[in-house]
Amino acid sequence: MNPVDRVARLVSMAGSALTALAVALPPIIYFGLSYQHAAGSLEAEAELNSIAITKVISANPDLWTYEQARLSEFLARRPRHHDAERRRVRDLKGRVVAENTDHLEEPVVERSLPLLDSGQPVGRIEIARSLRPLLLQALLLGLGLLPLGLLAFITLRSVPIGAIRAGQQALLRQRDAAQSYLDVAGVAFVRLDEAWRITLVNRQAEAVLGRSAAEVAGLGWVETFVEPSARAAVAEALGKARLGEVLALEHALLRPSGETRTLAWFVTQAADEAGRPGLLASGVDLTRQRELEQKLVHAQKLEAVGRLAGGVAHEFNNILSVIKVYASSLRRGFEPGDLRRTDVEEIIAASDRAASVARSLLTFSRRQVMAAAPVDLAKVLRAAERLVRPLLRSDLRLEVVVADEPLPVLADPVQVEQVILNLVTNARDAIGEAGLVRVSARAEFLDREQARAAGLEAPGRYARLEVVDDGPGFDAAIRARLFEPFFTTKEVGKGTGLGLSIVYGIVSQHRGAITCSSEPGRGATFTIRLPLLDGPVPVAAAAAPMAALVGGSETILLAEDDLALRQVLVRLLQRVGYTVVEAADGVEAVERFQAGRERIALVLLDVVMPRLNGRLALDQIRLLSPLVPALFLSGHAADVSGQREIPLGPEPLLRKPVEPEVLLQAVRQRLDGASCPAPVKAG
Amino acid sequence: MTLGGGPGLRLLLAMGALLFGPAPGAARELLRVSGTGTALGTFRQLIPAFERVNPGVTVKLLPSVGSSGAIQAVAEGALDLGVSGRPLAPREQARGLVAMAYARTPFVFAAGPRVSATGLEAAQLVRIYRGEVTTWPDGERVRLVLRPRTDVDTVFIRAISPELDAAMEVALGREGLVLAATNQDCNEALARTPGSVGPTTLSQLLTESHSLRPLDWNGVTPTIVNLTSGAYPLGKTLWVVSRSVPPAAVTRFIAFLGSQEANRILERTGNLPVPPPPRP
């Protein structure tokens, strides 16, 4: 019997008892009081009659017993509304001397008093009254009270029991509500008995444990769910749990599938509903958080490496630009066939290779200048397929699966091609022998959780580019370092270790994300997600044909903080007839322009400069002369601090190290008023 | 059996008493007498006269126990001679008792203080008993004194006429009326109650010192003369009761009741002596 039923039974019994009292007590009291009243009344009447009769006796002591008429008259004197009575006067022998009798029904109440003659008893007077009317009245009173008693019983029973039931329902609702809170809390709740066996789990705990509540009931916590290496420590910690104190611990939790999850537990000593001692623990699944933390650490590491690499590459670019300009100038001084010209050309080729490495590093560090425009990723992938196929051996099969729908993204198609090329060649090199490389692209929607897991900032629609190979795969240790520059598993001399770093840099610069999943012997999957644009991809204008190498006589303002590069550029421009006004930074550039704005026909600005960057310097120059043409020159797209990219606007951008011919063509085009030529890719 | 009172019998009884009376010096014979209150006043005067002629007999007049009480007391030997206002009932005769009528006295309706009326009409009395007349002509409230239902006087009144019989039934059911248990009580109640009216006898009026006014009945004054002449119709007969074989003193007393002296006393006290029954 449950407690509520027990209480209900007690209430029923109490209600019955009270009702019985309520029904029976008033008649009993009434009967008792009435009996007392009747007895008292009889005694009083006997007393009164005895006084009168005693007078008769005193007046005629010898013959009083024959004064029947007078005695009967006394006995007949009754109150107006008298009860039926039997009144008798007896002599000492008990003979009835006189009586006045109504019909009395048993039971009767009788009172008797002695009749005295000078203090000596000579007879008795007896007065009796039937108790039946009293009993009937008491019974009627009881019957009259019965409905009230029933009402009282119903009230006494149903109201408290109703309240108890309502309380029980409220408690059940509260329990259900609490259970639902527990279920939606996203926190696992586990209750253990004194022997640390599971007695209760919530829905979240079921999910964390990978088993239903029925399956885990009675299982020992430590031996079933704690990783063997941590059992002793966890047992020791649980043993320290105290009432009113919350103990925090974290351990790897074993699941039936064999996988582990990391949980943080908050444990306290708590009794169950029956008062039995035990433990109550709430656990938060930190598995994903720990993974994200690892990813964050990894990303921060890559960011640091990238910043270092970018800085180095930037400096290298400037140096290489100087080398290339002087080498080009030197080459023009030697006739073809001259061995010295060949040496100079080797210098130029080496500079180009060095520039390529620097460019890769810049790409990884996301400081590569990106000519981003809306493009259809599907078209880019199909175009890249033509570039990629010749690179693969005949025993490698390439599958390209592209969605029919357009996949508009804001991207530099050349860089995206680079990504595809790098991933496919990376897969090719990983497979080694015969195998399959599958490249696919499609649109997908990621919710917040999925986006976070993929390393993206926001949920939304993304273009998913996936490169899968069935190669040997790699373990977690390799996976953790995949995107580090110069990290390679290839033999020395067979890889630069920059391929995946470049991919990482490009994807990051496109505000996308790349993930990799692989296990040894199970191939590898690289998944890239780029934000999808809402609108269709506009038709790209055809690139203008490259203009012929020409010089001029105009005056050009050149702002470049790198002295060596500035000098070589001044020399190059002056050699083809231009007058050059030099500036070492953005502020100086503005001052020089202000001083000579009537004659300055074009401003050539390095983007990243101390004090004032090229973009802001041009903005101020444009305040003085809004129509002056300009060109930007840059080795990377971020400012010196590397904190943010510099929006360049519609002005053309020349990438360092710039080819002298390319620079002169671009200058001439701007002076001649060619409108917004397409960005010129550096050699 | 009832003995009718006759001069022959009385003479015989008187002679017997003289012949068989106790010799001088012998133990005195005690004669215990009681009965209806109507006769007690008369007996107080009869007894000394009897004792004078019967020196060996001491008559003890006990307080009134009423007619029925006296009959029962005689039957049980508690009395030697009873005085009753009614004859014996058959069950009383069956107990070996005999009764002899010795006098008649006018049955009177008397009025108490502050009543100026001098007479009653039968119809008026009926209305008084019914409660329809509640005041005397002078405005005084009529205060009716009743006797118990079984009392001889009540039975006597109910026998006067059917109207009075019915009116008495109504009166006995009325509340707040004075009820007197004995004749003496009745006279006392009448005497102390202003505006009262109730039954008594001329004998009582003459022998008890109460200032009550006997009322004329239908215009006839209750006197021995009117009773004797029949003009006054309401006469109450008085009886002496004894065992069938009474003590000698009883016999002598009964004989004395027929004597000249006794008759004088009876008449003086408002009684009309009843002649002894004829000798068989």
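Thresholds applied
Residues numbered from 1 in each chain as written. Chains lettered and ligands numbered in written order. Predicted model: local features only at pLDDT ≥ 70, side-chain atom pairs only at ≥ 80, totals over all residues. Helix = DSSP H or I, 4+ residues; strand = E, 2+ residues; numbered from the N terminus. Buried ≥ 20, exposed ≤ 12 C-beta atoms within 10 Å, placed from the backbone. Contact = placed C-beta atoms within 7 Å. Nonpolar A, V, L, I, M, F, W, Y, C, P; charged D, E, K, R; others polar. Core = buried A, V, L, I, M, F, W, Y, C linked by C-beta atoms within 7 Å. Pairing = 2+ DSSP bridges. pLDDT = per-residue confidence, 0-100. Axes fitted to C-alpha atoms, helices over the stretch in contact; angles between N-to-C directions. Right-handed = clockwise from strand over helix to strand, strands pointing away. Parallel < 35°, antiparallel > 145°, perpendicular 65-115°, else oblique. Left-handed = near helix turned anticlockwise from the far one by under 90°.

Trainee: So, the overall build of chain A: which residues are in play, and what are the values?
Mentor: Of the regular secondary structure elements, chain A holds 18 helices and 21 strands. Expressed as a percentage of the 683 residues in chain A, the buried residues total 33%. Sequence separation of 24 or more characterises 66% of the internal contacts of chain A that already satisfy a separation of 6 or more.

Trainee: Hey, could you go over the interface of chain A and chain B for me, with residue numbers and the actual values?
Mentor: Of the residues lining the interface, 11 residues belong to chain A; the matching set on chain B comes to 19 residues. Residue contributions to the side of chain A that touches chain B peak at 4 residues, all from helix α2 (residues 68-76) of chain A. For the side of chain A that touches chain B, the class distribution of residues is 4 nonpolar, 2 polar and 5 charged.

Trainee: Pulling in residues and values, what's your account of the nonpolar core?
Mentor: Of all hydrophobic cores here, the largest spans 97 residues; its most connected members are A70, Y102, V240, V241 and F253 of chain B. Looking at which element gives the most residues to this core, the answer is strand β5 (residues 97-111) of chain B, with 12 residues. Those residues in contact with F253 of chain B that sit more than four places away from it in its chain are L31, F50 and L81 of chain B. Counting 93 residues, the second-largest nonpolar core is a separate cluster that includes V419, A463, M609 and L633 of chain A.

Trainee: Describe the pairing of strand β8 (residues 260-269) of chain A, listing the residues and the values that go with them.
Mentor: Residues and elements named next belong to chain A. Sheet analysis places strand β7 (residues 247-254) next to β8, joined by 8 bridges and oriented antiparallel. Its bridge partner being in β8, L249 is matched across the sheet by W265. Where β7 hands over to β8, the hairpin turn is made up of 5 residues, of which G258 adopts a positive phi near 100°.

Trainee: How would you summarise the environment of C516 of chain A if you had to cite specific residues and measurements?
Mentor: All names here are of chain A. Among the structural elements, C516 can be located in strand β15 (residues 513-518). Here C516 falls in the partly exposed class, since 17 other C-beta atoms lie within 10 Å of it. Taking C-alpha positions, C516 is 8.8 Å from I528, a pair spaced 12 residues apart along the chain. Contacts of C516, omitting those with residues within four sequence positions, involve R479, L482, A524, T525 and F526.

Trainee: Any chance you could break down the confidence of the model for chain A for me, citing the residues and the numbers?
Mentor: All names here are of chain A. Across chain A, the average pLDDT comes to 82, with 92% of residues at or above 70. Counted against residues more than four places away or in other chains, residues 540-549, with its pLDDT under 50, gives 11 contacts. Low pLDDT, under 50, characterises residues 638-643; the predicted model gives this stretch 11 contacts beyond four residues in sequence or across chains.

Trainee: Before we move on, can you summarise the sheet that holds strand β2 (residues 96-101) of chain A with the specific residues and values?
Mentor: All names here are of chain A. Taken together, 4 strands build an open sheet; the order of strands is β2-β1-β4-β3 and the sheet is antiparallel. Here the strands that pair on one side only, and so sit at the sheet edges, are β2 and β3 (108-117). For this sheet, the mean inter-axis angle between neighbouring strands, taken without regard to orientation, is 15°. As paired strands, β3 and strand β4 (residues 120-130) are joined by 10 bridges and run antiparallel to one another. Counterpart to P114 in the pairing with β4 is R124. Relative to β2, α2 is tilted by about 35°, and along the sheet it contacts β1 (85-91) and β2.

Trainee: Can you lay out unusual backbone geometry for me, pointing to particular residues and giving the numbers?
Mentor: Residue P107 of chain A is bonded to the preceding E106 of chain A through a cis peptide linkage, with omega at -5°. One can find P107 of chain A in the loop between β2 and β3.

Trainee: I'd like a description of the pairing of strand β19 (residues 600-606) of chain A, backed by residues and values.
Mentor: Residue and element names in this part refer to chain A. Taken across its 7 residues, β19 has 6 buried, putting it largely inside the fold. Pairing of strand β17 (residues 555-559) with β19, which is carried by 5 bridges, proceeds in the parallel orientation. Bridge pairing in β19 links A559 to L605. Once you follow β19 into helix α17 (residues 614-624) and on to strand β20 (residues 630-634), the crossover reads as right-handed.

Trainee: Pulling in residues and values, what's your account of the sheet that holds strand β16 (residues 524-531) of chain A?
Mentor: All names here are of chain A. Sheet architecture is open: 5 strands sit in the order β11-β13-β14-β16-β15, paired in mixed fashion. This sheet does not close on itself; its edge strands, each paired only once, are β11 (396-402) and β15. Geometrically, the sheet is characterised by an average inter-axis angle of 15° between neighbouring strands, direction not taken into account. For β11 and strand β13 (residues 435-446), the ladder comprises 7 bridges, and the chain directions are parallel. Each bridged residue has a counterpart across the sheet, and for L396 the counterpart in β13 is G435.

Trainee: Residue-level account of the packing of helix α10 (residues 377-388) of chain A against helix α11 (residues 413-431) of chain A, with values.
Mentor: Residues and elements named next belong to chain A. Across the interface, α10 lies against α11 with an axial gap of 9 Å and an inter-helix angle of 50°. In terms of axis orientation, α10 runs oblique to α11. Crossing hand, α10 versus α11: right-handed. In contact with L377, V380, L381, A383, A384, L387 and V388 of α10, α11 contributes P413, V416, E417, I420, L421 and V424.

Trainee: Residues and numbers for the packing of α11 of chain A against helix α14 (residues 499-509) of chain A, please.
Mentor: Residues and elements named next belong to chain A. The interhelical angle for the contact between α11 and α14, taken along N-to-C directions, is 145°, at an axis separation of 9 Å. Remark: the crossing between α11 and α14 carries left-handed chirality. Of the residues in α14, those in contact with Q415, Q418, V419, N422, L423, T425 and N426 of α11 are G499, L500, I502, V503, I506 and V507. In terms of residue class, the contact of α11 with α14 is built from 7 nonpolar, 6 polar and no charged.

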